[in-house]
Amino acid sequence: MKRKVGIMGGSFDPIHIGHLVAANEVLNIYELDEIIFVPTGHPPHKEGLRADSYHRLMMANMAVLSNEKFSVSDIEVKNPGKSYTLNTMREFHKLYKNTEFYFITGTDAVIDLPNWHEPEKVLKLCRFIAASRPGISIEEVSEKINEIKKMFGGNIDILQIPMLQISSTDIRERFRTGTSAKYLLPECVEQYIIKNGLYREEKCPRNEDRCEYAY
Ligand code: NAP
């Protein structure tokens, strides 16, 4: 029997409870064996109030510690070039034989699939789960996803996750303005953000000038 592995792709800037609940829901519903969180590299168009890939990777690692079925891969972060999901999925297929992959990400990203690098090939390598947050019209999303399926084939499911009301954008804004973000993200991640001064200013500390770090 094939193993079933979820690949949770996103910036995780920062990782929050919504991501963890979404991953756990997919794990339960699709009876997956494990989920691997894959933070993206640092796309140049996402400068500003953003954390360096090193910090995002560290936060993701801390967030998954309490779940033996969750882990984090640095496959995209360690790659200095542009990370295409096609390359990432090819790498995972090389590493894990006899495995069926489920790529989990936000609906915004899935709707944008036609603009990805070789979407048809990506859709052959994994089944997609589009995690939808409250407030997004499922009818509208389904319509767009049906068009994508017609264009490229493949399997794309939509899953509504009420906890995705929590968003990284809102969390970053809270740290910038000094508003509490307690309970929206794991406490260790909150402490890490405070300790490293992330999201306090328009530009986050970069890898090379990161402060002391004990982990
Ligand atoms: P993003 O900026 O982090 O997220 C876009 C939206 O989806 C945000 O609303 C985000 O909410 C939500 N989201 C992100 N990851 C999620 C997850 N795993 N579960 C639930 N919701 C999630 O991400 P992105 O840059 O669009 O990329 C998403 C994934 O698609 C990445 O793995 C990326 O590599 C891949 N991608 C590939 C290509 C390509 O191959 N050419 C192009 C675009 C994207 P929060 O802000 O609250 O997280």
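This structure is a prediction, so every number in the text was calculated from the model and none was measured.

Draft legend 1. Representation of the overall build of the protein. For the protein, the helix and strand inventory stands at eight helices and six strands. When the helices and strands of the protein are listed from N to C terminus, the series reads β-α-β-α-β-α-β-α-α-β-α-β-α-α. Within the span of the protein, comprising 215 residues, buried residues form 47% of the whole. For the protein, the share of sequence-separated contacts (at least 6 apart) that also reach a separation of at least 24 residues comes to 74%. Entry remark: accessible area of the protein is about 11,100 Å², with carbon and sulfur atoms responsible for 49%.

Draft legend 2. Layout of helix α6 (residues 138–152). With 15 residues, α6 extends 21 Å from end C-alpha to end C-alpha; this agrees with the ideal 21 Å at 1.5 Å per step. Elements in contact with the buried residues of α6: α4 (107–111), α5 (119–125), β5 (127–132) and β6 (156–160). Downstream of α6 by one or two residues, G153 has phi in the positive range, about 75°.

Draft legend 3. Quick look at the side chain of K4. Along the chain, K4 turns up in strand β1 (residues 3–10). Comment: no salt bridge for buried K4; closest opposite-charge side chain is E31, at 4.9 Å. Side-chain polar atoms of K4 contact the backbone oxygen of Y30, separated by 2.7 Å. Not counting residues up to four positions away in its chain, the partners in contact with K4 are Y30, E31, L32, D33, E34, E100 and Y102.

Draft legend 4. Molecular detail of unusual backbone geometry. Residues D13 and P14 are joined by a peptide bond in cis, for which omega reads 5°. In this fold, P14 is placed in the loop between β1 and α1 (17–29). Notably, Y183 is not glycine yet its phi reads approximately 75°, a positive angle. Examined against the element boundaries, Y183 turns out to sit in the loop between α7 (168–177) and α8 (187–196). According to the relative accessible area criterion, Y183 is exposed, its value standing at 74%. In the Ramachandran plot, Y199 falls in the positive-phi region, its phi being about 65° despite a non-glycine side chain. Turning to its location among the elements, Y199 is positioned in the segment after α8.

Conventions and cut-offs
The written sequence of each chain sets the order in which its residues are numbered from 1. Local features are withheld for residues below a pLDDT of 70 in this predicted model, meaning they are given only at 70 or higher, and side-chain atom pairs are given and counted only at 80 or more; totals for whole chains, interfaces and linings count all residues. Where side-chain values are given, they derive from all heavy atoms of the structure, hydrogens and water being excluded. Numbering goes from the N terminus for both helices and strands, where a helix is a DSSP run of H or I of at least four residues and a strand is a run of E of at least two. Exposure is judged per residue with a 1.4 Å probe applied to protein chains only, and the accessible area is read against the type maximum: over 50% gives exposed, under 20% gives buried, and values in between give partly exposed. Whether two residues are in contact is decided by their heavy atoms: any pair within 4.5 Å suffices. Residue burial considers only the protein chains on display, and all accessible areas are found by Shrake-Rupley using a 1.4 Å probe. The span expected for a helix works out to 1.5 Å for each residue beyond the first. In this charge count, Lys and Arg are treated as positive and Asp and Glu as negative; neither His nor the chain ends contribute. Salt bridge criterion: a side-chain nitrogen from Lys or Arg within 4 Å of a carboxyl oxygen from Asp or Glu. Definition of a polar contact: a pair of N or O atoms within 3.5 Å, with one able to donate and the other able to accept a hydrogen when the atoms are protein atoms, and with sequence-neighbouring residues admitted only if both atoms are side-chain atoms.

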